[in-house]
Amino acid sequence: MSAVVQAKAESRHLLSGNEAVARAAWEAGVRVAAAYPGTPATEILENIALYPDIYSEWSVNEKVAVEVAIGASLAGSRALAAMKHVGMNVASDAFMTQSLAGVVGGLVIVVADDVGLSSSQNEQDSRYWGRFGHMPILEPADSQEAYEMVKRAFDLSEQYEVPVVVRMTTRVCHVKAMVEFDGERIEHRAAGFQKNPQRWVMTPANAKPRLPLMHKRDRKLRELSETSDLNVVFPGGDRRIGFVTAGPAFMHVRETFPNAPVLKLGFSCPPPLEKIRAFAGQVDTLVVVEETELLLETEIRAAGIAVRGKDILPRFGELAPSVLRPAIKPLLGEPWEVPKRSQTSVFPRPPTMCASCPHLGPYFALSHIRNLNIIGDIGCYTLGAGHPWNALDTCTCMGASLSMAHGMDKGRGESDEKKHIVAVIGDSTFLHMGMQGLLNMIYNRGNVTVLLLDNRSVGMTGGQENPGTGEDLHGLPAPRVDFAKLVEGLGVRPERIRMVDPYELPTIVKLVREETRMEEPSVIITNRPCSLTDRFERLQPYAVIDDQCTGCGNCIDLGCPAIFVARRETVTAKSGKSKELVFARIDANTCTGCHMCVETCAPEAIVQPQPQNRVIRIQPHA
Amino acid sequence: MRDGITNILVVGIGGQGVMTAAEMLARTALSQGYDVKKTEVAGMAQRGGVVSSHVRFGPKVYSPQIDPGEADLLIGFEAAEALRWLPHLRPTGVAMVNTLRLPPPVVSAGLYDYPTDPIADLAAAGIEVHAFDAGALAEELGNPKLVNTIMLGAISEHLPFPAEVLKASIVEGFRAYKPKLADVNAQAFDAGREAGHARATTHRSAA
Ligand SMILES: Cc1ncc(C[n+]2csc(CCOP(=O)(O)OP(=O)(O)O)c2C)c(N)n1
Ligand code: SF4
Ligand code: SF4
């Protein structure tokens, strides 16, 4: 068991924000925790899973995770749900109404915003949900605060019978900093579900009387925010500018303007407008530094307080010191020149699929078939949009591939007339939100060829388990969904359900060709595990026999990162046309011996040399 | 170093142990009584992307990020990656670079060029550059994974605490969890420390 799990009160640890949240949940007496993976929030649940006192699970999506937490709360247990920012969109149907009904056991939703957009499909600001859903928001600025605020959030939730949102960002989740523990687990008894239909059955007649109660609660929370010790003034001698800020932006402000007074909002929704008014009175100019939208600023201005903010600061991205300095210095009458630095231009290193990734086969097929509109989804296979495949045409949100493909089929435009429409989706994404799209397509007699890439892993977020893998969050055996039966149950004809080994390139190319020509929906299901999981077996690496390689470059098109261009040659063909030959080389340290590329090589130059001394490899997992 | 704060940037690509090295530095600084923050930008590190880990320590650290032009030390696990992050280094900064070259698929495919001599480019920028082949040293010691400890050994004389402190914390870590590897890591640290003296010049040498 990890040292942190067993650590006593008054010990100090170097922890990420996510690890700190897990410890706090344990101390707070949480009994149920549920999440769906998503960067930068994934490690919250992975760390909670280390505490045996908490029941924890990977739910199939964020809405389900929040509903599981709601159920536990109604039974009187303290419960936590964690997700990345876009997960809130999925979960919102549940919490928007539960916030009206209220909660019993403390219910905390920890959400992680990808400020700076380093690993998501958008950069949305979760602070809106607090306003929209009438839920208070606590905003930690570092690991220590994440630890303290999660514990405070549970008390607040129970006291006001409201779900509480803890809004983190990448710079809290993934920053390691000192955390001092001030307690150990305190058990919170769960009284059991108290039946009360007027309270818990949200029919119009029951929901309506809750509205004034909810607004009364809002007023009380506003008063609390005004007096909360989480909203603190850090005095400063230089009163020309006073900052209102929250979360990691506070750290950047302190770093950049150490002598300026700062009002730091830990309890940021509802905002303490009177406290802000009083603070504004003590400084020449009030500047709001908020990541990412102009939210507090609008509220402060609406309260009649003069304020600067997004007129000088960017409306997206992190407000790091390098961003704050050039924006704020001119306000102080101190022009800021970006210091001259050596500039370098180095090639990009875009993320790519792994060696022997089971998605390589399907993309090899898709990149070789003409006349396809390839409607994609979110996962490692989204990388199929890049070099060398260029075989993914859309990616919007989880599960969208099937329904968007269906819509594109029904709404075919002139240039689509002869096109086949393909949807590409992974196992976890299919189970998260994709199944409904397939059901809808079948029901409405659509015609899309679906590639269901089952790699028995949530690959993109680091190889978590899901109902298709046969294991649960704790690595224990779990019931495993049968994808073929599942899609048949949704109405796909058995003849149109094709299981395929994605390493068999000729078969998969043939299958995709065949199925796209069908006048009805089909589902092609692949069956090789993600190469980074324990389910994958590494074999002896392959090599290219140099003088047998004809330079056709076929294997390079596969996109396996173990295959490199050894050299290029330009030759003149008999016709007089010049042609570039590309000779290949396989890096033995990267190759896993999956055999896939062998099929691309007509002259049979790719071979498995005799077993040599054992090769020690760099592990792909950091 | 400003306001008593040390800024170390560790860079490389996914799978090279960049984050482990940064963690080691952070833990050791913590044991010396410093306030410490460590942050990563590892946009899809597992898929062969760029990894940069920022370690900051001093009496009190607020922002976890090292701004451009603010790094005191740059530890590059790969030559072109070190060059990529050069603008983050102070003019008075020190770069400790493994001369390993790992061209990505887009370079192999001919879409981009790999810099001819990244070490020389670094040296030409006027900073203090030390460069050596950490992989070769690791091979000599019999385990390619030792690159990590070798790089830490190499930077150890540029830290505000004694090199011995870092060495002890690495070796103790191994003694506790993988005792068989403790001695060879001690050797790797010393080998790195020795190699870290190698001074790169602006002459285009065979780096
Ligand atoms: C609503 C939402 N939740 C979570 C994520 C984070 N996320 C991105 S892809 C992905 C799952 C990928 O799994 P799978 O579909 O099995 O494909 P793989 O990566 O294994 O190829 C997740 C959880 C997200 N983008 N949106
Ligand atoms: S993590 Fe798995 S699914 Fe993702 S690219 Fe690598 S092998 Fe493929
Ligand atoms: S056998 Fe071929 S496709 Fe498979 S990992 Fe090795 S080089 Fe890549």
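Before any of the text, the structure's been laid out above.
Residues numbered from 1 in each chain as written. Chains lettered and ligands numbered in written order. Predicted model: local features only at pLDDT ≥ 70, side-chain atom pairs only at ≥ 80, totals over all residues. Heavy atoms only, no water.

Trainee: Looking at this structure, I do not really get unusual backbone geometry. What am I missing?
Mentor: Only a minority of non-glycine residues have a phi that is not negative, and only a minority of peptide bonds are not trans. Residue and element names in this part refer to chain A. A cis amide bond links T39 with the next residue in sequence, P40, at an omega value of 5 degrees. Here P40 shows up in the loop between β2 (32-35) and α3 (42-48). Here the residue pair H387 and P388 is connected by a cis peptide bond, since its omega of 0 degrees sits within 30 degrees of zero. By the element assignment, P388 lies in the loop between β14 (372-375) and α17 (400-410). Positive phi outside glycine occurs at E10, with the angle close to 70 degrees. Residue placement: E10 occurs in the loop between α1 (3-6) and β1 (12-16). Judged by relative accessible area, E10 falls into the exposed class, the value being 69%. Positive phi, close to 55 degrees, is recorded for H134, a residue that is not glycine. (Helix = DSSP H or I, 4+ residues; strand = E, 2+ residues; numbered from the N terminus. Buried < 20%, exposed > 50% of the residue type's maximum accessible area, 1.4 Å probe, protein only.)

Trainee: Quick question: what am I supposed to make of the site of ligand 1 here?
Mentor: Residue and element names in this part refer to chain A. Around ligand 1 sit 25 residues, and of these E62, H359, D427, T429 and G459 come closest. Take Q121: an N or O atom from its side chain is 3.3 Å from a nitrogen atom of ligand 1. For ligand 1, whose unbound accessible area comes to 590 Å², protein coverage reaches 98%. Looking at which element gives the most residues to the shell around ligand 1, the answer is helix α18 (residues 427-443), with four residues. In the shell around ligand 1, the residues fall into 10 nonpolar, 12 polar and three charged. The residues that make up the shell around ligand 1 include at least three from each of domain 1 (3-227) and domain 3 (360-526). (Near = heavy atom within 4 Å. Polar contact = N/O pair within 3.5 Å; in protein donor to acceptor, adjacent residues only side chain to side chain. Areas by Shrake-Rupley, 256 points an atom, 1.4 Å probe, with all protein chains shown as cover. Nonpolar A, V, L, I, M, F, W, Y, C, P; charged D, E, K, R; others polar. Domains from an automatic or database assignment.)

Trainee: I tried to follow the sheet that holds strand β6 (residues 128-132) of chain B on my own but got confused; where do I start?
Mentor: Ordered in space as β1(A)-β8(A)-β2(B)-β3(B)-β1(B)-β4(B)-β5(B)-β6(B), the eight strands form an open sheet in which the pairing is mixed. Every interior strand has two partners, whereas the edge strands, β1 of chain A together with β6 of chain B, have only one. Looking at each pair of strands side by side, their axes are set apart by 20 degrees on average, direction ignored. Sheet topology note: the strand β4 (residues 71-76) of chain B/strand β5 (residues 89-98) of chain B ladder contains five bridges and is parallel. Within the sheet, the bridge partner assigned to G76 of chain B lies in β5 of chain B and is V97 of chain B. (Pairing = 2+ DSSP bridges. Axes fitted to C-alpha atoms, helices over the stretch in contact; angles between N-to-C directions.)

Trainee: Could you clarify how one ought to interpret helix α2 (residues 17-27) of chain A in this entry?
Mentor: Residue pairs spaced three or four apart in an α-helix point in one direction, given the helix's 3.6 residues per turn. Residues and elements named next belong to chain A. When you tally the buried positions in α2, you get 11 out of 11 residues, the bulk of the element. Within α2, burial applies to G17, N18, E19, A20, V21, A22, R23, A24, A25, W26 and E27. Of the residues one or two after α2, G29 is the one with positive phi, at around 85 degrees.

Trainee: Help me understand helix α7 (residues 143-160) of chain A, please; the structure alone is not making it clear to me.
Mentor: Residues and elements named next belong to chain A. End to end, α7 covers 25 Å across 18 residues, agreeing with the expected 26 Å (1.5 Å per residue, within 8%). The buried fraction of α7 amounts to 13 of the 18 residues, a majority that puts the element mostly inside the structure. Backbone nitrogen of Q144 and a side-chain oxygen of the N-cap are separated by 3.3 Å at the start of α7; the cap is D142. The positive-phi residue at the C-terminal boundary of α7 is E161, with phi of around 50 degrees. (Expected span 1.5 Å × (residues − 1).)

Trainee: Explanation requested: the sheet that holds strand β5 (residues 107-113) of chain A in the structure shown.
Mentor: Within a sheet, neighbouring strands are paired by backbone hydrogen bonds and run either parallel or antiparallel to one another. Residue and element names in this part refer to chain A. Read from one edge to the other, the open sheet built from seven strands follows the order β3-β2-β4-β5-β7-β6-β12, with strand pairing classed as mixed. The open sheet has two edge strands with one neighbour each: β3 (55-58) and β12 (267-269). Strands in contact with α2 are β4 (79-84), β5 and β7 (164-169); relative to β7, the strand with the most contacts, it is inclined by about 155 degrees. (Contact = heavy atoms within 4.5 Å.)

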